[in-house]
Amino acid sequence: MAKISLIVNGNPVTANVDPRTLLVQFLRENLHLTGTHVGCDTSQCGACVVHLDGKAVKSCTTLAVMADGHEVKTIEGLAADGAPLHPMQEAFREHHGLQCGFCTPGMIMTAIDIVHRKGHELDDHTIREELEGNLCRCTGYQNIVTSISAGAKAMAKSDLA
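By convention here, each chain's residues receive numbers from 1 onward along its written sequence. Residue-level local features of this predicted model are given only where pLDDT is at least 70; pairs of side-chain atoms are given and counted only at 80 or more, and the full residue set underlies all totals for whole chains, interfaces and linings. Side-chain measures were taken over the full set of non-hydrogen atoms in the model, leaving aside hydrogen atoms and water.

(A) Fine view of the state of the cysteines. Sulfur atoms of two cysteines make up a disulfide when they are within 2.5 Å. As enumerated under the stated definition, the model contains zero disulfides in all. Between C103, a free cysteine, and C136, which holds the nearest cysteine sulfur, the sulfur-to-sulfur gap is 3.7 Å. Burial status follows relative accessibility: with a 1.4 Å probe on protein chains alone, a residue under 20% of its type maximum counts as buried, one over 50% as exposed, and anything between as partly exposed. Residue C136 is classed as buried on the basis of its relative accessible area of 11%.

(B) The nonpolar core, seen in detail. What is meant by a nonpolar core is a set of buried Ala, Val, Leu, Ile, Met, Phe, Trp, Tyr and Cys residues, joined one to another through side-chain atoms within 4.5 Å. Of all hydrophobic cores here, the largest spans 22 residues; its most connected members are M88 and I148. Going through the elements one at a time, α2 (87-94), α3 (104-118) and α5 (142-156) are the ones with two or more residues in this core. Only DSSP runs of H or I reaching four residues or more are called helices, and only runs of E reaching two or more are called strands; each is numbered from the N terminus. The biggest single contributor to this core is α3, with seven residues. The contacts of I148, once residues within four sequence positions are left out, are M88, F92, A111, L122, I127 and L131. By size, the runner-up hydrophobic cluster in this structure holds 15 residues, among which are V13, A15, V50 and V72. Here, two residues are considered to be in contact whenever any of their heavy atoms come within 4.5 Å of each other.

(C) Here's a closer look at the sheet that holds strand β2 (residues 11-17). Taken in spatial order, the five strands line up as β2-β1-β5-β3-β4 in an open sheet, and their pairing is mixed. At either end of the open sheet lies a strand with only one pairing partner, and these are β2 and β4 (55-58). The sheet shows a mean angle of 40° between the axes of neighbouring strands, direction not considered. Here, a strand pair is defined by DSSP locating no fewer than two bridges between the strands. For strand β1 (residues 2-8) and β2, the ladder comprises seven bridges, and the chain directions are antiparallel. Bridge pairing in β2 links I4 to A15. Each of β1, β2, β3 (49-52) and β5 (71-73) is contacted by helix α1 (residues 23-30), which is oriented at about 105° to β2, the strand it contacts most. Interaxial angle, 0 to 180 degrees, is taken between N-to-C directions of lines fitted to C-alpha atoms, where a helix line uses only the stretch in contact. Sheet contacts for α3: β3, β4 and β5; angle to β3, the most-contacted strand, approximately 40°.

Below, the structure written as structure tokens:
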């Protein structure tokens, strides 16, 4: 077993884990943060995207021990209970950027990372290129692209960005 200490959604966490434990398993099974989904186990679908020190990573191919000493943010950490949604979450709700919702947490976490890297004025081509590692099996992506564009603009006006 390996002892790890990290910050998850602003809260300090210490645990003993098998060194082979994936970050997604640790989040879901140890911390019961089930918003991060497992879709493929091969880093292809993006349903498992979380932020590690502010950057999007696929938690299905990241070991929990790799997060030791770092900060992890999951979809649950974007807005506090009872608080307004993060601007990107609100944009997905408002612009119907989801259907079944399985890919949505990973899409939103990726979208926020895109905004942090590319800025608040995103064209459709850039958004589609940047989403290449995230799959949605329900939509035609247009509402997702629209949601990300609106969310990016809303993030520019928000202190939750």
